[in-house]
Amino acid sequence: MNELLRRLLLLPPQASTIARDIDYLHYFVIITTMAGAAGVAALSLYYIVRYREGAGHGMNPPPDPRPYHAPGGVSLWLELSLIGGLLALFVTWWIIGFCQFIRIVEPPSDSMTIYVMGKQWMWSFAYPHGGGSVGVLYVPTGRPVKLLMTSRDVIHSFYAPDFRLKTDVVPGRTTQLWFEVKEPGRHPIYCAEMCGAGHSVMRAEVIALADADYERTIEGLAPLAIAGPVQGQAIPFEAEPQAPLSLAAMGQRVAAEAGCLRCHTVDGTPHIGPTWAGLYDAVIPLADGTQVRADDAYLTRSMMDPAAELHRGFLAVMPSYQGLLTAPQLGAIVEYIHALRDVHRDEGAAPLPVPVPGLVPLVTPLEGAAPGEPRAVTPGSAGGPP
Amino acid sequence: MTSYLTETTGIKSWLLTKDHKRIALLFMVATAAALMLGGVFAMVIRFELIGPGPDLMAQLTYNRMFTHHGVVMVFLFMVPVIPTVFGNFFLPMMIGAPDVAFPRLNLASFYVYCAGAVIVLASLWFGGVDTGWTFYTPYSTTSPTSVAVAAFGVFVVGVSSILTGLNFIVTVHTLRARNLRWMMMPLFVWAIYATAIIQVIATPVLGMSLLLVALDHAWGLGIFDPSMGGDPVLFQHLFWFYSHPAVYIMIVPAMGVVSEVVCTFSHNRPSSYRAIAFSSLGIAFIGFVTWGHHMFVAGMSVVDVGIFGILSMIVAIFSAIKVFTWTITLKHGRIRFTTPMLYFFGFMFLFVFGGMTGVAVATSSLDVHWTDTYFVVAHFHFIMVGGTLTMYLAAIHYWFPKMFGRMYPERWGLIGAAGVILGFIFTFTPQFLLGNAGMPRRYATYPAEYQWLNVASTAGATILAMGLLVNLGYLIWALFKGPRAERNPWGSRSYEWLAPTPPPVHNFEAPLEITRGPYDYHLPEHE
């Protein structure tokens, strides 16, 4: 029955775990809609024929003798039950739809995160392992995947019809979307928000792979050109093969190059900005008196608009990194902060002096960092793109 | 007594007239031109979409086409058409007034409309606009096309809309005939009155936000540009705060026409006058707090999604009340099946299906899949265009005898109406399915699997266009050659039919004495 209705309504395959439930509501709503429109049309047609002028003697009753504003062409009871019934139907749709909507927007806590960046007119993706891809999103099956998305230029909308999911990708904001793909396969991605001449070719593809295949594929992905903006329609990174770098290690490099580490320490020492040691997922007080959990979204937001949710006790001196960091770079930095979550905060240590240009901040070496990874990074001295 | 058509002659007597009826005819010509121009853009879109690739034009050109289709149809045709043409002509007559309250302002509104229309069309010369009629930022503020010109043109048209709305509100309050109480006004007057309230309250917000877009685009103010600290989503809130009520600016006057047509041709009183009158006001007010349902996937909070969802469903209940009332009005009537009644029948199907798919897209989890796809395109064409266009045509046929003193050919009328309604259904039913299948809107090129539905839609659009051309042809013929009409050919009880046909300059031979209600079909036609 599900399959029959799905094909009749031309709905795409139900590739995500939520798709089937949404389709059930779809069948309910659309069948009721068709029945309602057909019912009203049929009743009107019946009346138009039955009460046509000159339909034969006795068919046309004499005009209603009451004045036009007298109450009651129909009994109040019938009117109220029709309206009440319709309202009950609509509220039923609303309740089911809203419960499903909450499921759509709340990712499970064990979701794997992939960073998505939309730009005119391409999609690029950065994975926690460090690799990146353009135009193809690799996801595992049977595991929830969370996409943290932002745009480099105008508003786009990430739309995967087979998953029944769509979320706008907005510059200056990070939006998220999650799904769990049921089986290996390929599914289209479209941009659904008008974004310019190439809007209709801003398409990509999801390739869902079984776990083992997935790990192997992801390991083989080269990182995107992480130190510079993503350029052109370049399909995977064309450079000589290299040792895969973990995303966290890459984040360390980016943080040094972008100057983050001039103000943020990674060993808990107090400094100009909040230390990154143990920051990830901690509940931190804000300057306006509220609190926030330093999750992926908060960290990303803080890089885009640092003054919006300022950590209490710190000055609003950080510049916005909007447009300066690519989505993969953002993702790498967040992953680096994530990796520092268990570093002990040394609250008692003496604050570092305000740096003068050229001062070398301390960098804690990362566990699992590839050999040859810099132990300390001098701002400005680290090389260009890997 | 000479009619308003022949009282004075010469081009100048038309272009500088302060008679509400002549101004209505000026608007009729201008809006009909807008309809034809928008229709040409629509056909260009449909023919481009016959094949999946870029067949006839480059993608940027296609984007300009759908933008101009939307801008022309929404701002130059659908929003103004019924109020400025039939509202202008019949609202004063229906309340026994000799004219609107501010005749000069009325003429000014026409020329402001024309100026706005010229500016909007002038943007075509400066590179056109490719943002869609919604002008979403930050694309619209960075687009290489002439967004500022078009946005300013729409701003000017909005001024015309406000002037007309203000005029109607004052007219209804101050110029009703002696003894004409509020609850004795024809339902079309209630509908135009409710619309005028929305026009006056909501249009300034559109003007303001489009002006900000124009300034942003021209001088880079950065109000909606995140790289300069602006907020692009703020624009969506401002835009839909007008543009959702604008949907009701388009459909509520059409509902007023339905009420007149269904009562006149059923020779029956409305089954509940109060329900129809007050639901117009209900739509006008609740319609202001539903705009957020356009932005469920734009990163809005979950609580907002829930609230806007339920409010959108409540506003649909008012429309449902009207549909029930109209249907029951047919019962126990003496129904004369004319061209307006065929349009009424088409309206009922299009409006109920379009309306319920509206509730469907307000259902938040379903909206996630459907928003920005062809499902939404089909939905709003069904309800806005299906509702407004069918009732625009019904109004032309219904009031044609009174306006021009001649009858239209009934047989041709029915053929034209059948063409329009069937063509409409054939155009947009495939688009509902395209949306289900996941085809995003505003796509110049598309995956090949969507082709057969696009071909079907283009075939339907061709039937629709032919139906409209048939209408145009025999109406022009009837204007000059149609048989002469009597004073009240349909046996209506509404007050505008008490005037001579066609009406003299000040509408009635003597001040109207109201002795019965506008739907008292149990009383004789003449005292």
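You'll find the structure just up there.
Residues numbered from 1 in each chain as written. Chains lettered and ligands numbered in written order. Predicted model: local features only at pLDDT ≥ 70, side-chain atom pairs only at ≥ 80, totals over all residues.

**Student:** Which parts of the structure should I look at to understand the overall build of chain B?
**Tutor:** Scanning chain B from N- to C-terminus turns up 16 helices and zero strands. In terms of overall size, chain B behaves like a compact globule, its C-alpha atoms giving a radius of gyration of 23 Å where 527 residues would be expected to give roughly 24 Å. For chain B, the spread of C-alpha atoms along the principal axes amounts to about 70 × 45 × 45 Å. Long-range pairs, those at least 24 residues apart, make up 85% of the contacts in chain B between residues at least 6 apart in sequence. (Helix = DSSP H or I, 4+ residues; strand = E, 2+ residues; numbered from the N terminus. Rg over C-alpha atoms; globule rule 2.2 N^0.38 Å. Contact = placed C-beta atoms within 7 Å.)

**Student:** Looking at this structure, how should I read the sheet that holds strand 4 (residues 136-140) of chain A?
**Tutor:** All names here are of chain A. If you trace the five strands from one edge of the open sheet to the other, you get 4-10-9-6-7, paired in mixed fashion. Edge strands, defined here as strands with exactly one partner in the open sheet, are strand 4 and strand 7 (165-169). Adjacent strand axes in the sheet meet at a mean angle of 25 degrees when their direction is disregarded. Here strand 4 runs beside strand 10 (residues 203-209); their pairing, made up of five bridges, is parallel. From the neighbouring strand, Tyr-138 faces strand 10, where its bridge partner is Ile-207. Lying over the sheet, helix 4 (residues 211-219) contacts strand 4 and strand 10, oriented at roughly 140 degrees with respect to strand 4. (Pairing = 2+ DSSP bridges. Axes fitted to C-alpha atoms, helices over the stretch in contact; angles between N-to-C directions.)

**Student:** Quick question: what am I supposed to make of unusual backbone geometry here?
**Tutor:** The general pattern is negative phi for most residues beyond glycine and trans for most peptide bonds. The amide bond that connects Thr137(B) to the next residue, Pro138(B), takes the cis arrangement and shows omega of -5 degrees. By the element assignment, Pro138(B) lies in the loop between helix 5 (103-125) and helix 6 (139-142). For the peptide bond that leads from Thr501(B) to Pro502(B), omega is -15 degrees, which places it in the cis range. Its place among the elements puts Pro502(B) in the segment after helix 16 (451-481). The phi angle at Leu10(A) is positive, at roughly 60 degrees, despite the residue not being glycine. Tracing the chain through its elements places Leu10(A) in the loop between helix 1 (2-8) and helix 2 (19-50). Here Asn179(B), not a glycine, exhibits a phi torsion of approximately 75 degrees, which is positive. Looking at the secondary structure, you find Asn179(B) in the loop between helix 7 (147-174) and helix 8 (187-219).

**Student:** Explanation requested: the sheet that holds strand 8 (residues 175-179) of chain A in the structure shown.
**Tutor:** The strands that make up a sheet are held in pairs by hydrogen bonds between backbone atoms, and each pair lies either parallel or antiparallel. Residues and elements named next belong to chain A. Strand order in the open sheet made by the five strands is 3-2-1-5-8, with mixed pairing throughout. The sheet terminates laterally at strand 3 (132-134) and strand 8, the two strands that pair on one side only. Ignoring strand direction, the axes of neighbouring strands in this sheet form an average angle of 25 degrees. Alignment of strand 2 (residues 122-126) against strand 3, held across three bridges, turns out to be antiparallel. Opposite Ala-126, over in strand 3, you have Gly-132 as the bridge partner. Most of the contacts of helix 7 (residues 327-339) go to strand 1 (residues 112-119), to which it runs at about 155 degrees, and overall it touches strand 1, strand 2, strand 3 and strand 5 (145-151).

**Student:** Got a minute to help me understand the environment of Leu330(B) in this structure?
**Tutor:** Along the chain, Leu330(B) turns up in helix 11 (residues 302-330). Those residues in contact with Leu330(B) that sit more than four places away from it in its chain are Ser44(A), Tyr47(A), Ile48(A), Tyr51(A), Val262(B), Ser266(B) and Ile335(B).

**Student:** Got a minute to help me understand the interface of chain B and chain A in this structure?
**Tutor:** Interfaces are often described in size by the accessible area the parts lose on coming together. The interface is formed by 82 residues belonging to chain B together with 75 residues belonging to chain A. Looking at the side of chain B that touches chain A, the elements that each hand over two or more residues are helix 3 (59-78), helix 6, helix 9 (232-266), helix 10 (273-286), helix 11, helix 12 (339-362), helix 13 (364-370) and helix 15 (410-437) of chain B. The leading source of residues in the side of chain B that touches chain A is helix 11 of chain B, at 16 residues.

**Student:** Would you mind showing me how to read helix 3 of chain B here?
**Tutor:** Residues separated by three or four positions in an α-helix point in the same direction, a consequence of the helix having 3.6 residues per turn. The first and last C-alpha atoms of helix 3 of chain B sit 27 Å apart over 20 residues, in line with the 28 Å expected at 1.5 Å per residue. For helix 3 of chain B, the tally of buried residues reaches 17 of 20 residues, placing the bulk of the element in the interior. (Expected span 1.5 Å × (residues − 1). Buried ≥ 20, exposed ≤ 12 C-beta atoms within 10 Å, placed from the backbone.)

Read these as layout, nothing more, since geometry by itself doesn't imply function.
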